[in-house]
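Next come the chains, spelled out residue by residue.
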Amino acid sequence: MMYDIIGDIHGCFQEMNELLDKLGYELNDGGLSHPEGRKPVFLGDLTDRGPNSIAVIYAVCRWVKESNALYCPGNHCDKLYRYFLGRNVVISHGLETTVAELEVLNSKEFNHISSLFKNLYESSPLYLMLDHNNLVVTHAGIRPNDIGKTNKSVKTFVLYGDITGEKHPDGKPVRRDWPNKYDYSATVVYGHSPVKEPRKVKNTINIDTGCVFGNQLTAYRWPEKTFVSTPSHQAFVEEKFRPFDPY
């Protein structure tokens, strides 16, 4: 199977469609197909911060349901899921933009998109093991010994990365540079931590190139092992591109 793994979209619906078009996908009446039978793989954080999170949800939910795309959740997906469940989540760090879109819907529309997203989240794996386990796609990363496991510790790592629980003075979490610590037999493709260009360390590749922060949206093509990007239409925010913290 041939895949196009796409980094964090964060509500950037226009850029998502432009990237899919650049990758050769055909968008017909909301459906998705590729003449070579390729599949996009969305590695989480579909929503928040960007201008059109609802449109992204509708599109990805349909494509996954029709088996034309794959998806695993990110930390923003997890928070939106808990919001739809009625849990007491803090409406901040980007969720407020998605909630603002949802609040203008009538109750029927709200319940419909809530049901779609909850079904997507509940039916999706924490991470994806593809191409005979030679390719692992995860939102924020995974430890080698955790590949194949799905416990609470694994969930925290794949959603948030190697966090310490500490915060920087600006409130951002301390994220340790896990790609430099571990060795992998499979290729691990992830996002979550914005970088200006795809970051390759050993057998890991970070493709969150900060589309919502004004940089670009990137796909990693498998098995070709090449990158395809499209520029962002959002304002550029330099301070969002923070390097990992050392161990």
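Calculation notes
Residues numbered from 1 in each chain as written. Predicted model: local features only at pLDDT ≥ 70, side-chain atom pairs only at ≥ 80, totals over all residues. Heavy atoms only, no water. Core = buried A, V, L, I, M, F, W, Y, C linked by side-chain atoms within 4.5 Å. Buried < 20%, exposed > 50% of the residue type's maximum accessible area, 1.4 Å probe, protein only. Helix = DSSP H or I, 4+ residues; strand = E, 2+ residues; numbered from the N terminus. Contact = heavy atoms within 4.5 Å. UniProt positions renumbered as here; feature names shortened; annotations may be inferred. Axes fitted to C-alpha atoms, helices over the stretch in contact; angles between N-to-C directions. Parallel < 35°, antiparallel > 145°, perpendicular 65-115°, else oblique. Left-handed = near helix turned anticlockwise from the far one by under 90°. Pairing = 2+ DSSP bridges. Phe/Tyr/Trp six-rings, centres within 6.5 Å; stacked < 30°, edge-to-face > 60°.

Named according to an unreviewed UniProt entry, the protein chain is Bis(5'-nucleosyl)-tetraphosphatase PrpE originating from Evansella alkalicola.

Novice: Which parts of the structure should I look at to understand the nonpolar core?
Specialist: As a rule of thumb, soluble globular proteins bury nonpolar side chains together. The biggest cluster of nonpolar side chains holds 40 residues, and the ones touching the most others in it are Ile6, Ile9, Met16, Phe42, Leu46, Trp63 and Phe117. Elements with a minimum of two residues in this core: helix H1 (13-22), helix H2 (53-65), helix H3 (75-84), helix H4 (95-103), helix H5 (107-122) and strand S13 (216-222). The contact partners of Ile9, leaving out residues within four places of it in the chain, are Met16, Phe42, Gly44, Asp45, Leu46, Val56 and Leu217.

Novice: I would appreciate a short explanation of the UniProt feature "domain: Calcineurin-like phosphoesterase" (unreviewed entry) in the protein chain in the present structure.
Specialist: Under the local residue numbering, the UniProt record ascribes the feature "domain: Calcineurin-like phosphoesterase" (unreviewed entry) to residues 5-195. What you have in residues 5-195 is 37% helix and 17% strand, and the ends, taken at the C-alpha atoms, are 16 Å apart.

Novice: Is there a simple way to think about the packing of H2 against H5 in this case?
Specialist: When two helices pack together, their arrangement is captured by the angle between the axes and the distance separating the axes. One way to put it is that H2 packs onto H5 with a least axis distance of 10 Å and a crossing angle of 50°. Relative to H5, H2 is oriented oblique. Once H2 is placed against H5, the crossing between them reads as left-handed. Counting all contacts with H2, which are made through Ile54, Ile57, Tyr58, Cys61 and Val64, the residues of H5 involved are Glu109, His112, Ile113, Leu116, Phe117 and Leu120.

Novice: Just to check I follow, could you spell out unusual backbone geometry for this structure?
Specialist: Working note: non-glycine residues mostly have negative phi, and peptide bonds are mostly trans. Residue Trp222 is joined to Pro223 through a cis peptide bond whose omega torsion reads 15°. Positive phi outside glycine occurs at Asp45, with the angle close to 55°. Within the secondary structure, Asp45 sits in the loop between strand S4 (39-42) and H2. Even without being glycine, Asn133 reaches a positive phi, approximately 70°. With respect to the helices and strands, Asn133 occurs in the loop between strand S6 (128-130) and strand S7 (135-137).

Novice: Would you explain the packing of H3 against helix H6 (residues 152-160) in this entry?
Specialist: One way to put it is that H3 packs onto H6 with a least axis distance of 8 Å and a crossing angle of 115°. Regarding the angle of H3 to H6, the classification is roughly perpendicular. On the side of H3, the interface is formed by Asn75, Asp78 and Arg82, while H6 contributes Lys155, Leu159 and Tyr160.

Novice: How should I be thinking about the sheet that holds S7 in this particular structure?
Specialist: Each strand in a sheet pairs with another by means of backbone hydrogen bonds, the pair being arranged parallel or else antiparallel. Pairing is mixed across the open sheet formed by five strands, whose spatial order is S6-S7-S10-S12-S11. Of all strands in the sheet, those bounded by a partner on one side alone are S6 and strand S11 (199-201). Neighbour to neighbour, the strand axes of the sheet diverge by 20° on average, direction disregarded. Bridging between S7 and strand S10 (residues 187-190) involves three bridges; their strand directions are parallel. Bridge pairing links Leu135 to Thr187 in S10.

Novice: Which parts of the structure should I look at to understand the packing of aromatic side chains?
Specialist: Pairs of aromatic rings are described using the distance from one ring centre to the other and the angle between the two planes. In this structure the tally under the stated criterion is twelve aromatic pairs. Consider the rings of Tyr83 and Phe84, whose centres lie 5.8 Å apart with planes at 55°: the pair is tilted. Taken individually, Tyr83 and Phe84 each receive the classification buried, so the pair is uniform in this respect. Seen in terms of ring centroids, Trp178 and Tyr184 are 6.3 Å apart; in terms of plane orientation they differ by 80°. Their pairing is edge-to-face. Assessed through its relative accessible area of 0%, Trp178 is described here as buried.

Novice: Would you mind showing me how to read the pairing of S13 here?
Specialist: Each regular strand displays side chains that alternate between the two surfaces of the sheet. When you tally the buried positions in S13, you get seven out of seven residues, the bulk of the element. Residues Gln216, Thr218, Tyr220 and Trp222 point to one face of S13 and Leu217, Ala219 and Arg221 to the other, with burial holding for every one of them. Where S13 meets strand S14 (residues 226-231), six bridges bridge the pair, whose relative direction is antiparallel. Bridge assignment links Leu217 to a residue of S14, and that residue is Thr230. The hairpin turn running from S13 into S14, its antiparallel successor, is three residues long, and Lys225 in that turn takes a positive phi close to 60°.

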